[in-house]
Amino acid sequence: MGLLSKLGSLVAEKPVALTVDTDKDVVLAPVSGRAVPLEELSDPVFAQGMLGVGVGIRPEGGIAYAPVSGTVTADVKTKHALLLKAENGAEVLLHVGLDSVALGGAGFRPLVRKGDSVLAGEAVLSFDRSLMAQRGIDDTVVVTVSNTDAFSDVTVSASGEVAAGKPLLRCVRQ
């Protein structure tokens, strides 16, 4: 076995994308799990809606998928969050964990970066839920639309158990 073959086996492959319906006015669930209203989250910034209308999801797995098709407009040094500009103009925040910035990037592996185009359902971030649990960090995944003023209405369209790639929020144009 050559050196390149050995090195190639160390590189993790990007998870397969989800098959999703592509309605440009819908924000999809990035993970499967139990939906939680923002006001029930322990983080006051999210709970008070300061970062927009959205929902938290207590995840079942450790892969987050793009909730919209669009462009990654921001990523963070601590690797736990992405901001996506959707094709319909929605600015969608995908944030993994509450107070997860305390991990300093440990346990997170971004699969995209600022400037990348993504398709709804494409794997964009992996995260280590067991590390978060060990460190006492809530692993709730939060999705918000931060520019709600660009729409006449942004509503949560799912509750209870949600599946990754299924509708979560609806943005209605003015």
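All figures in this text were calculated on a predicted structure; none of them were measured in a lab.

Attention now goes to the overall build of the protein. On a plain count of helices and strands, the protein comes out with three helices and 14 strands. The C-alpha atoms of the protein give a radius of gyration of 16 Å, which matches the 16 Å a tight globule of 174 residues would have. Buried positions account for 46% of the 174 residues belonging to the protein. Carbon and sulfur atoms form 52% of the exposed surface of the protein, whose accessible area is close to 8800 Å². A distance of 7 Å separates the average location of the 16 positive side-chain charges in the protein from that of its 20 negative side-chain charges.

This paragraph deals with the pairing of strand 7 (residues 91–98). Where burial is concerned, most of strand 7 is hidden: seven out of the eight residues are buried. Following strand 6 (residues 81–86), the chain reverses through four residues before pairing antiparallel with strand 7; Gly 89 in that reversal takes a positive phi of roughly 95°.

The subject of this paragraph is the nonpolar core. Side chains of a nonpolar character, in soluble globular proteins, are inclined to be buried together. One finds Val 27, Val 124, Phe 127, Val 145 and Leu 168 to be the most contacted residues of the largest nonpolar core, which totals 36 residues. Secondary structure elements with two or more residues in this core: strand 3 (53–59), strand 6, strand 7, strand 10 (123–127), strand 11 (138–145), strand 12 (151–156) and strand 14 (167–173). In terms of nonpolar packing, the next biggest core, distinct from the first, is built from eight residues, Val 36, Leu 38, Leu 93 and Leu 98 among them.

This brings us to the sheet that holds strand 8 (residues 108–110). Spatial strand order, 4-10-8: three strands in an open sheet with antiparallel pairing. With one partner strand each, in any of the chains shown, strand 4 (63–65) and strand 8 form the two edges of the open sheet. The mean angle between the axes of side-by-side strands here comes to 20°, regardless of whether they run parallel or antiparallel. When strand 8 meets strand 10, the two strands line up antiparallel, connected through three bridges. Bridge assignment links Arg 109 to a residue of strand 10, and that residue is Ser 126.

Each value, and the rule that gives it
Residues numbered from 1 in each chain as written. Predicted model: local features only at pLDDT ≥ 70, side-chain atom pairs only at ≥ 80, totals over all residues. Heavy atoms only, no water. Helix = DSSP H or I, 4+ residues; strand = E, 2+ residues; numbered from the N terminus. Rg over C-alpha atoms; globule rule 2.2 N^0.38 Å. Buried < 20%, exposed > 50% of the residue type's maximum accessible area, 1.4 Å probe, protein only. Areas by Shrake-Rupley, 256 points an atom, 1.4 Å probe, with all protein chains shown as cover. Lys, Arg positive; Asp, Glu negative; His and termini not counted. Charge placed at Lys NZ, Arg CZ, Asp CG, Glu CD. Pairing = 2+ DSSP bridges. Core = buried A, V, L, I, M, F, W, Y, C linked by side-chain atoms within 4.5 Å. Axes fitted to C-alpha atoms, helices over the stretch in contact; angles between N-to-C directions.

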